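Examining the three-dimensional arrangement
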Amino acid sequence: MEKSNKAFQFRIYPTEEQKKFFAKTFGCCRFIYNQMLSDKIEEYKKTGKMLKTTPSAYKKEFPWLKEVDSLALANVQLHLEQAYRNFFERPEIGFPKFKSKHHSRNTYTTNLVNGNIRLLENGIKLPKTGVVKAKIHRQIPEGFRMKAVTVVRQPSGKYFISILFEFCPDENQVRDREEKERKIIGIDYAMHGLAVFSDGSKCEYPDYYRKSEKRLSREQRKLSRCKRGSSNYQKQKKKVARCHEKIKNQRRDFHNKSSRKLAEEYDVVGVEDLNMKAMSRCLNFGKSVSDNGYGMLLNMLGYKLEDRGGQLVKVDRFFPSSKRCSKCGKVKQVLPLSERVYRCECGYTNDRDVNAAINIREETLRLLSA
């Protein structure tokens, strides 16, 4: 069976000396990315050809680049080349942009070569950094082979590592799930409550952002009154970041638990292929759409189903799931959003979202059989 990749995230607690090294590495990675991008643009303007260069070509002119992990700089080159490929394949993504010191993510990636990275009981050994204290809160399964490590500093000042592993999926688990009768469910997106299922149940999302909005507004007002760049400004900026981080962690925790429950209970899940970005820009739904993180839920559900031998089926977004009667199949021409109960001429009456979820489930069955 083809090998798969999986990443585990752990929090790390670097010393002050290690924090300085991380900051230096973040800065060098940002510098080399901007320098290589600038040289590529200049070369294309002069000759019309793509410049091919490596980070090692800059170390003679900028000797301080030798102080950080060379593999971190090599990964910057790979990321830039990937950004170019993405642009040429999908121009709507946009041309690669320069990284800002104050607005870019502080992160770098290094690879496992000749045992230069080792996961210990209470820490991790990184190249040129030594052993960094870490909270290893979960056991790595047998047969998982480490490939790379990404170090991230969050805006709140916390440090995390993401360790990428390569593994072979359990063939027996996939085969057992395929042989038994598959359980299928349809999910319809709901603005209030996140999702409605074809069995009539609902997923009640707690609206974490809305609950923290008052406190977040207060902290942001305090930040706006601080002098930009001052010590108090930096302290208040971290307070705002911690508010956002708490909301993000609450949302991620809720989606992880919800997606795991669905992946363990059902073999196939049918969903609508919605454009969440477009939905957030219309009808003043921006905050609600961004808060419930429906796209994040589908991403988690997708890989968790795949790990267990299940399948996530996406129904076309133009499929009339809401307008169609799940009993007789007749499609209404007009169905305003204010009409929350679906009533058909055949006498069928049901909740609008439940009716849509049932239609999504039936369309999923049709797609699987086809």
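For the structure, check the block above.
This report concerns the structure included in the present document. Computed from a predicted structure; not experimentally measured. (Residues numbered from 1 in each chain as written. Predicted model: local features only at pLDDT ≥ 70, side-chain atom pairs only at ≥ 80, totals over all residues. Heavy atoms only, no water.)

Per the secondary structure count, the protein chain includes nine helices and 14 strands. Over its C-alpha atoms, taken along the principal directions, the protein chain stretches across nearly 80 × 55 × 50 Å. Of the roughly 22,300 Å² of accessible surface on the protein chain, 48% is carried by carbon and sulfur atoms. Computing the positive centroid from 76 side-chain charges and the negative centroid from 44, the protein chain places the two 10 Å apart. (Helix = DSSP H or I, 4+ residues; strand = E, 2+ residues; numbered from the N terminus. Areas by Shrake-Rupley, 256 points an atom, 1.4 Å probe, with all protein chains shown as cover. Lys, Arg positive; Asp, Glu negative; His and termini not counted. Charge placed at Lys NZ, Arg CZ, Asp CG, Glu CD.)

It is worth spelling out the packing of helix α1 (residues 16-47) against helix α2 (residues 70-89) at this point. Running from N to C, α1 and α2 cross one another at 40 degrees; their axes reach a closest spacing of 9 Å. By the criterion of interaxial angle, the relationship of α1 to α2 is oblique. Once α1 is placed against α2, the crossing between them reads as right-handed. Here α1 contributes T25, C28, C29, I32, Y33, M36, L37, K40 and I41 to the contact with α2, which in turn contributes A72, L73, V76, Q77, L80, A83 and Y84. Of the residues contributing to the contact of α1 with α2, the split by class is 13 nonpolar, two polar and one charged. (Axes fitted to C-alpha atoms, helices over the stretch in contact; angles between N-to-C directions. Parallel < 35°, antiparallel > 145°, perpendicular 65-115°, else oblique. Left-handed = near helix turned anticlockwise from the far one by under 90°. Contact = heavy atoms within 4.5 Å. Nonpolar A, V, L, I, M, F, W, Y, C, P; charged D, E, K, R; others polar.)

With 18 residues, helix α9 (residues 352-369) extends 26 Å from end C-alpha to end C-alpha; this agrees with the ideal 26 Å at 1.5 Å per step. Within α9, the full set of buried residues consists of R352, D353, V354, N355, A356, A357, N359, I360, E363 and T364. The N-cap residue of α9 is D351: its side-chain oxygen and the backbone nitrogen of D353 are 2.9 Å apart. (Expected span 1.5 Å × (residues − 1). Buried < 20%, exposed > 50% of the residue type's maximum accessible area, 1.4 Å probe, protein only. Polar contact = N/O pair within 3.5 Å; in protein donor to acceptor, adjacent residues only side chain to side chain.)

To continue, consider the sheet that holds strand β8 (residues 184-190). Within the open sheet, the five strands sit side by side as β10-β9-β8-β11-β12. Their pairing is mixed. With one partner strand each, in any of the chains shown, β10 (202-203) and β12 (311-315) form the two edges of the open sheet. Relative to β10, strand β9 (residues 194-197) is paired through two bridges, and the arrangement is antiparallel. Looking across to β10, one finds that A195 is bridged to C203. Its contacts with the sheet place α9 against β8, β9, β11 (268-272) and β12, and it is angled at close to 135 degrees to β8. (Pairing = 2+ DSSP bridges.)

Let's shift gears to the nonpolar core. The biggest cluster of nonpolar side chains holds 37 residues, and the ones touching the most others in it are F22, Y108 and L126. Sorting the residues of this core by element identifies β1 (4-13), α1, α2, β4 (123-126), β5 (130-135), β6 (145-153) and β7 (159-167) as the ones contributing at least two each. Tallying contributions element by element places α1 first for this core, with nine residues. Other than its neighbours up to four places away in sequence, F22 contacts I12, P14, Y108, L126, T129, V132, V151 and Y159. Counting residues in each nonpolar core, the second largest holds 30 residues, with F197, C243, I247 and Y294 among its members. (Core = buried A, V, L, I, M, F, W, Y, C linked by side-chain atoms within 4.5 Å.)

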